[in-house]
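Observations on the model geometry
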Amino acid sequence: QRNNKSLRVTEKENEIFNFLISQTNEYVSREELLSKIWNYNKDIDTHTLETHMYSLRKKIEDKLQLKNLIMYKEKKGYLINIDFL
């Protein structure tokens, strides 16, 4: 909760966020997230992660006014911007 605002997220969005938080200051690759959250093989082509990530980022931005809390860097992956925490 931030400024008395609550955020409703799905179970998978919560798992993604918690895993990213647990990897403080480290980029988490798309493959690692797919493996840890969905137990997917790295060779599977899917947009599941991107769909969940888009939804989670939009909720955080719209409800909490936190733009770029979850950052993405090509070839590195996703990272929680600890400046917001």
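Residues numbered from 1 in each chain as written. Predicted model: local features only at pLDDT ≥ 70, side-chain atom pairs only at ≥ 80, totals over all residues. Heavy atoms only, no water.

As a further point, take the pairing of strand β1 (residues 70-73). Alignment of β1 against strand β2 (residues 77-80), held across 4 bridges, turns out to be antiparallel. Looking at β2, one finds that K73 is bridged to G77. What sits between β1 and β2 in their antiparallel hairpin is a turn of 3 residues, with K75 showing a positive phi close to 70 degrees. (Pairing = 2+ DSSP bridges. Helix = DSSP H or I, 4+ residues; strand = E, 2+ residues; numbered from the N terminus.)

Its 12 residues place the ends of helix α1 (residues 11-22) 16 Å apart at the C-alpha level, agreeing with the 16 Å of an ideal helix rising 1.5 Å per residue. Within α1 the residues assigned to the buried category are E13, I16, F19 and L20. Buried positions in α1, seen along its axis, are confined to an arc of 130 degrees and lie on one side of it. Tucked inside the fold, the buried residues of α1 contact α2 (30-38), α3 (48-64), β1 and β2. (Expected span 1.5 Å × (residues − 1). Buried < 20%, exposed > 50% of the residue type's maximum accessible area, 1.4 Å probe, protein only. Arc of directions from axis to C-beta. Contact = heavy atoms within 4.5 Å.)

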